[in-house]
Amino acid sequence: MSNNALDSKPSMEVPRHLRIVRPSPWVERWAHLIRPGGAVLDLAAGGGRHGRLFLARGHRVVFVDRTIEPLADLADTNDAEVIAADLEDGSPWPLGERTFDAVIVVNYLHRELFPLILSTLAPGGMLIYETFAHGNEDYARPRNPDHLLKSGELLEMVNGKLQVVGYEHGLVEGGDIAGVKQRLCAVNDLALSERDDGDPPAHSISRV
Ligand SMILES: C[S@@+](CC[C@H](N)C(=O)[O-])C[C@H]1O[C@@H](n2cnc3c(N)ncnc32)[C@H](O)[C@@H]1O
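The following paragraphs examine the structure supplied in this document. (Residues numbered from 1 in each chain as written. Predicted model: local features only at pLDDT ≥ 70, side-chain atom pairs only at ≥ 80, totals over all residues. Heavy atoms only, no water.)

## What about the sheet that holds strand β2 (residues 60-65)?
Part 1 of the reasoning: Here seven strands make up an open sheet; going across it, the order is β3-β2-β1-β4-β5-β7-β6 and the pairing mixed. Since the sheet does not close on itself, it has two edges, and those belong to β3 (80-84) and β6 (163-172), each with one partner. Between one strand axis and the next, the sheet turns through 10 degrees on average, direction left out of account.
Part 2 of the reasoning: Relative to strand β7 (residues 179-187), β6 runs antiparallel, the two being bridged by nine bridges. Along β7, the bridge assignment pairs V172 with G179.
Part 3 of the reasoning: Of the strands in this sheet, β1 (39-43), β2, β3 and β4 (100-106) touch helix α4 (residues 49-56), which is tilted by about 170 degrees from β2. (Pairing = 2+ DSSP bridges. Helix = DSSP H or I, 4+ residues; strand = E, 2+ residues; numbered from the N terminus. Axes fitted to C-alpha atoms, helices over the stretch in contact; angles between N-to-C directions. Contact = heavy atoms within 4.5 Å.)

## A look at the site of the ligand
Part 1 of the reasoning: The ligand sits among 16 residues. The nearest are A44, R49, D65, L87 and V106.
Part 2 of the reasoning: Within the backbone of A44, one N or O atom sits 2.8 Å away from a nitrogen atom of the ligand.
Part 3 of the reasoning: If you map the ligand onto the pockets, it falls in the largest pocket.
Part 4 of the reasoning: By residue class, the composition of the shell around the ligand is six nonpolar, five polar and five charged. (Near = heavy atom within 4 Å. Polar contact = N/O pair within 3.5 Å; in protein donor to acceptor, adjacent residues only side chain to side chain. 1 Å grid on protein atoms, 1.4 Å probe; cavity = no way out; pocket = protein on both sides within 12 Å on 5 of 7 lines; lining within 4 Å. Sits in = over half its atoms within 2 Å of the grid points. Nonpolar A, V, L, I, M, F, W, Y, C, P; charged D, E, K, R; others polar.)

## Observations concerning the environment of G125
Part 1 of the reasoning: Along the polypeptide, G125 turns up in strand β5 (residues 121-132).
Part 2 of the reasoning: On the basis of relative accessible area, G125 is assigned to the buried category, the value being 0%.
Part 3 of the reasoning: C-alpha separation for the pair G125 and A186, spaced 61 residues apart in sequence, amounts to 8.5 Å.
Part 4 of the reasoning: Look past the residues within four positions of G125 in its chain and what remains in contact with it is F100, D101, A186, V187 and N188. (Buried < 20%, exposed > 50% of the residue type's maximum accessible area, 1.4 Å probe, protein only.)

## Focus: the packing of aromatic side chains
Part 1 of the reasoning: The tally for this structure, following the rule as stated, stands at two aromatic pairs.
Part 2 of the reasoning: On the basis of an interplanar angle of 75 degrees and a centroid distance of 5.6 Å, the ring pair of W26 and W30 is categorised as edge-to-face. One end of the pair is W26 and the other is W30, both in helix α3 (residues 25-30) and four residues apart, which spans about a single turn.
Part 3 of the reasoning: Judged by its relative accessible area of 1%, W30 falls in the buried class.
Part 4 of the reasoning: On the basis of an interplanar angle of 85 degrees and a centroid distance of 6.2 Å, the ring pair of F114 and Y129 is categorised as edge-to-face. Note that F114 is positioned in helix α5 (residues 114-119) and Y129 in strand β5, a separation of 15 residues in sequence. Judged on exposure class, the residue F114 and its partner Y129 are both buried. (Phe/Tyr/Trp six-rings, centres within 6.5 Å; stacked < 30°, edge-to-face > 60°.)

## So, the pairing of β2
Part 1 of the reasoning: Counting buried positions over the six residues of β2 gives five, a clear majority of the element.
Part 2 of the reasoning: In this sheet, β2 lies alongside β1 in parallel orientation, the contact comprising five bridges. What sits directly across from A39, in β2, is R60.
Part 3 of the reasoning: Handedness of the crossover joining β1 and β2 through α4: right-handed.
Part 4 of the reasoning: Of the strand pairs in this sheet, β2 and β3 are connected by five bridges, and their pairing is parallel. The residue bridging V61 from the neighbouring strand is A80, located in β3. (Right-handed = clockwise from strand over helix to strand, strands pointing away.)

## Focus: the side chain of Q182
Part 1 of the reasoning: The topology assignment puts Q182 in strand β7.
Part 2 of the reasoning: With relative accessibility at 0%, the residue Q182 sits in the buried group.
Part 3 of the reasoning: At 2.8 Å, the side chain of Q182 and the backbone nitrogen of L154 are in polar contact.

In short, the description is geometric, and any link to function would need to be established separately.
Here's what the structure looks like:
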């Protein structure tokens, strides 16, 4: 077959996650709590819809994904750094000892990464995590239990390590992608108490 024949093959359909450019409402909801100008990690970034939100808000953003072609337009963006890495093949953690003021993980689950994700949070840093959960298999992909959170699993991940300021689990009918989801927003400030009782500082949970 000639190269020309290959070139003329119809292109593959654009994957679902790249057709969605609006950030998740859960990420938008908590964006105001991230330290102004702070460094943000968009892990398994896809087309980078969340990292792009934070670039627009004046943050420095590191995007990590094994497929970085959808992020190619960010090559000349000063505050954006794009790292190509497979997070599941046993390669070294691509961020070394770097820490961030916020880590965003949306629609991606690889449980072995939980300790590494927690270790990338700077003191006071925020974890915003949202992905599909058990029950989603009745609606749409993903259906593989390896990619679906168990009830309370994100709470267990951060228990005793982060302050939970937001958590939800259930069927999301509107939003970016419908399905059964679990959502967490938690802050790495359990050790930053200035109170006699040791409780961490309170954060605004008002919807802005
Ligand atoms: C459903 S998409 C979500 C993208 C983005 N977080 C969003 O919400 O739009 C999942 C992303 O995980 C990435 N991914 C899957 N397996 C990966 C791996 N082993 N290493 C790095 N990235 C991976 C895919 O390339 C894809 O961009």
